[in-house]
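Chain residues, written in single-letter form:
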Amino acid sequence: MGSTLPAVAEELLKELRRVFQETAHDTFSFRLKFIFGPAAVPALDLVDHRSVTRVVSPSGRTAYQVLGTSGKLYTCYSSCHFCTCPAFGFTVLQKSESLLCKHILAVYLSQALGACQELTVSEEQLTNILLAEEEDEG
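Residues numbered from 1 in each chain as written. Predicted model: local features only at pLDDT ≥ 70, side-chain atom pairs only at ≥ 80, totals over all residues. Heavy atoms only, no water.

A. Broad picture of the packing of helix H3 (residues 40-48) against helix H5 (residues 102-113). The geometry of H3 relative to H5 is characterised by a closest axis approach of 8 Å and an angle of 55 degrees between their N-to-C directions. On the basis of the axis angle, H3 is oblique to H5. The hand of the H3/H5 crossing is right-handed. Contacts between H3 and H5 involve Ala40, Pro42, Ala43, Leu44, Leu46 and Val47 from the first element and Lys102, His103, Leu105, Ala106, Leu109, Ser110 and Leu113 from the second. (Axes fitted to C-alpha atoms, helices over the stretch in contact; angles between N-to-C directions. Helix = DSSP H or I, 4+ residues; strand = E, 2+ residues; numbered from the N terminus. Parallel < 35°, antiparallel > 145°, perpendicular 65-115°, else oblique. Left-handed = near helix turned anticlockwise from the far one by under 90°. Contact = heavy atoms within 4.5 Å.)

Spelled out as structure tokens, the structure:
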């Protein structure tokens, strides 16, 4: 499932972008919920609130930060399909009950819909962002 899921999600989201432009938002929400389950509506809410920020360094390294509904900032990596939130660790990794959490889905949706905020940081700042996540977990 490793690299296949992001590719499948990317194809689905390309199709969803097309559907989003051509259909009513209620129909779009219903389709998202059908495909992605209970994470769909909260993820759309995060996208609507512009809670997703693409953080890029001069070398092109990229991570995403999502401001969760709790006010906590989570780091997501779309390249390897990973989020630092507890729900991802428990529901996705431990229990295998879901393919993604609302934060990683919000990242994919914001990419597909062009709703990502952009933040350019230095290499050192990006390293500090990534290390801060490790310290929170440790």
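Still to come is the rest of the account.
B. The sheet that holds strand E1 (residues 52-56), seen in detail. Strand order in the open sheet formed by 5 strands is E4-E3-E2-E1-E5, and the pairing between neighbours is mixed. Sheet topology places strand E4 (82-83) and strand E5 (117-120) at the edges, where each strand pairs with a single neighbour. Each of E1, strand E2 (62-67), strand E3 (73-77) and E4 is contacted by H5, which is oriented at about 65 degrees to E3, the strand it contacts most. (Pairing = 2+ DSSP bridges.)

C. Looking closely at the nonpolar core. Val52, Cys76, Cys83, Leu100, Leu105 and Leu109 are the most contacted members of the largest nonpolar core, which has 27 residues in total. For Leu100, the contacting residues outside a window of four places in its chain are Phe36, Ala39, His81, Val92, Leu105 and Tyr108. (Core = buried A, V, L, I, M, F, W, Y, C linked by side-chain atoms within 4.5 Å. Buried < 20%, exposed > 50% of the residue type's maximum accessible area, 1.4 Å probe, protein only.)

D. Geometry of the pairing of E2. Judged from the 5 bridges that link them, E1 and E2 form a sheet pairing that is antiparallel. Counterpart to Val56 in the pairing with E2 is Thr62. Here E1 hands over to E2 after 5 residues, with Gly60 in that stretch at a positive phi of 100 degrees. Both E2 and E3 contribute to a ladder of 4 bridges, which runs antiparallel. When the sheet's bridge partners are listed, Leu67 is paired in E3 with Leu73. Connecting the antiparallel pair E2 and E3 is a turn made up of 5 residues, with Gly71 showing a positive phi of about 95 degrees.

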